[in-house]
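Each chain, letter by letter, is given below.
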Amino acid sequence: MRQSVSCPVPANEPQRVASLYAYDILDSLPEMDFDTLASVAANALKMPAAVIGLMDSERLWFKSQIGLGVTHLDRSIAFCAHAIMRPDEVLVSEDLTKDARFVHNPLVTNAPNLRFYAGAPLINQQGYALGTIAVADTKPRTLSDAEKQLLKDFAKLVILAIESRKTATQLQKLAMTDQLTGLPNRVHFERVLNAEISHAKRSKIAFKLYLMDLDNFKWINDTFGHPAGDEVLQEVSQRMLNEIRAEDLLARLGGDEFGLIVRGDCSQFKDTITSRMAYAVSAPLTLSNGNEVNIGMSIGSVAFSDSVDSIGELLGVADELLYQQKRK
């Protein structure tokens, strides 16, 4: 239930929240970089509690926390909601019971009965306050100018960690994505397929593997050029995506070959996927140069069974079935 405590909101709130979401960090698992920074901040300032909090639209979510024992707070009771209002300053409340903004706050009146708070805003390169790194105590405290500067320095280190995490995530995504179609690539596909095999063996929940190969694709490349072939691959990828469920995985394996993993109890879906995808792909396609082309698709599929020992064996069976169909 939302607490009836005053909660200020920055004038640039929509842009600030959008900037935070761009980092794709909310609700992520704990990470050593952030836990270390929170721990060092608590020890350096001799505080029993320290948090790295990111301010969502309605909650303060903790990427790391020491001594507080919760993963998030309602924004309306978060001291950090006040701290982000002045991005260039460290918010210090030496005795929360004497601070009109916080005297009725449940974090003060009830457990953990906080008495001291100091938070430095986390300012990203665009100038938005994403949250704070903050320390707290159950007794009144003071913070010297040098200690305030130290907390600001910790905030800069947290931002560096957030930016580095974003860069690493983007590089990982690029390494797992086919740049032409935007689909997962073969590396990603085979990693997921390995995981699905392990899961199916443990849970006894089967899945189905499809390999698809476009018919007459070489003719399109030879007749209209490789840019036309790229257009066909992009359009065909989107058509296939429109025919599958969000929980299934479609990937471009290379050239004009695609793979699909259909997960879980989906027998009705499996019965119709071949005809639906083939029908969608075979619809006439108009190229940007005005030419209209038609393309077909051969499909090989195999359901997982306990007799399968490896990803290579499963792919080999599906590949043989695919080329049996293609030869027909």
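Residues numbered from 1 in each chain as written. Predicted model: local features only at pLDDT ≥ 70, side-chain atom pairs only at ≥ 80, totals over all residues. Heavy atoms only, no water.

**Quick look at the sheet that holds strand 5 (residues 116-123)**
Strands pair in a sheet through their backbones, by hydrogen bonds, and they do so in one of two ways: parallel or antiparallel.
Phase 1: Taken together, the 6 strands give an open sheet; going across it, the order is 3-2-1-6-5-4, and neighbouring strands pair in antiparallel fashion. Lying at the two open borders of the sheet, with one neighbouring strand each, are strand 3 (72-74) and strand 4 (91-93). Across this sheet, the average inter-strand angle for adjacent strands is 25°, counted without regard to direction.
Phase 2: Two elements, strand 4 and strand 5, share 3 bridges in a ladder whose sense is antiparallel. Counted as the bridge partner of Val 92 is Ala 118 from strand 5.
Phase 3: Across the sheet, helix 1 (residues 13-21) is in contact with strand 1 (49-55) and strand 6 (129-137); its angle to strand 6 comes to roughly 85°.
Phase 4: On the sheet, helix 5 (residues 145-175) packs against strand 1, strand 2 (59-66), strand 4, strand 5 and strand 6 and is oriented at approximately 45° with respect to strand 5. (Pairing = 2+ DSSP bridges. Helix = DSSP H or I, 4+ residues; strand = E, 2+ residues; numbered from the N terminus. Axes fitted to C-alpha atoms, helices over the stretch in contact; angles between N-to-C directions. Contact = heavy atoms within 4.5 Å.)

**Section: the state of the cysteines**
Phase 1: Tallied over the entire structure, the rule returns 0 disulfides.
Phase 2: Not engaged in a disulfide, the cysteine Cys 7 finds its nearest cysteine sulfur in Cys 80; these two sulfurs lie 11 Å apart.
Phase 3: Cys 7 gets classed as partly exposed once you look at its relative accessible area, which sits at 26%.
Phase 4: Using a relative accessible area of 3% as the deciding quantity, one classes Cys 80 as buried. (Disulfide = S-S within 2.5 Å. Buried < 20%, exposed > 50% of the residue type's maximum accessible area, 1.4 Å probe, protein only.)

**A closer look at the nonpolar core**
Phase 1: Counting 32 residues, the largest nonpolar core has Ile 52, Leu 54, Leu 122, Ile 133, Val 158 and Ile 162 as the members making the most contacts within it.
Phase 2: Listed by contribution, the elements that provide at least two residues to this core are helix 2 (32-44), strand 1, strand 5, strand 6 and helix 5.
Phase 3: The residues contacting Ile 52, other than those within four sequence positions of it, are Phe 34, Leu 37, Ala 38, Trp 61, Phe 62, Lys 63, Ser 64, Leu 122, Thr 132, Ile 133 and Val 158.
Phase 4: Judged by nonpolar contacts, the second largest core, of 25 residues, contains Tyr 210, Phe 217, Met 240 and Val 293. (Core = buried A, V, L, I, M, F, W, Y, C linked by side-chain atoms within 4.5 Å.)

**A word on the environment of Gly 119**
Phase 1: Residue placement: Gly 119 occurs in strand 5.
Phase 2: Not counting residues within four places of it along the chain, the set of residues in contact with Gly 119 comprises Ala 83, Glu 89, Val 90, Leu 91, Ile 133, Ala 134 and Leu 151.

**Regarding helix 1**
Phase 1: What helix 1 keeps buried is the set Glu 13, Arg 16, Val 17, Ser 19 and Leu 20. One face of helix 1 carries all of its buried residues, which in axial projection span an arc of 160°.
Phase 2: Contacts made by the buried residues of helix 1 are with strand 1 and strand 6. (Arc of directions from axis to C-beta.)

**Re the packing of aromatic side chains**
Phase 1: A full pass over the atoms with the stated rule returns 4 aromatic pairs.
Phase 2: Grouped by ring-pair contacts, the aromatic residues Phe 79, Phe 102 and Tyr 117 constitute a single cluster.
Phase 3: For the cation-ring pair, Lys 166 lies above Tyr 23, with the distance from its terminal atom to the ring centre recorded as 4.9 Å. (Phe/Tyr/Trp six-rings, centres within 6.5 Å; stacked < 30°, edge-to-face > 60°. Lys NZ or Arg CZ within 6 Å of the ring centre and 35° of its normal.)

**Let's talk about helix 7 (residues 217-224)**
Phase 1: Taken residue by residue, helix 7 has Phe 217, Ile 220 and Asn 221 as its buried positions. Buried residues along helix 7 cover an arc of 95° about the axis, so they all sit on one side. Every exposed residue of helix 7 that faces more than 90 degrees away from the buried side is listed here: Lys 218 and Asp 222.
Phase 2: Contacts made by the buried residues of helix 7 are with strand 7 (208-215), helix 8 (226-241) and strand 11 (292-293).
Phase 3: Taken from the residues just after helix 7, Gly 225 is the one with a positive phi, measuring 100°.

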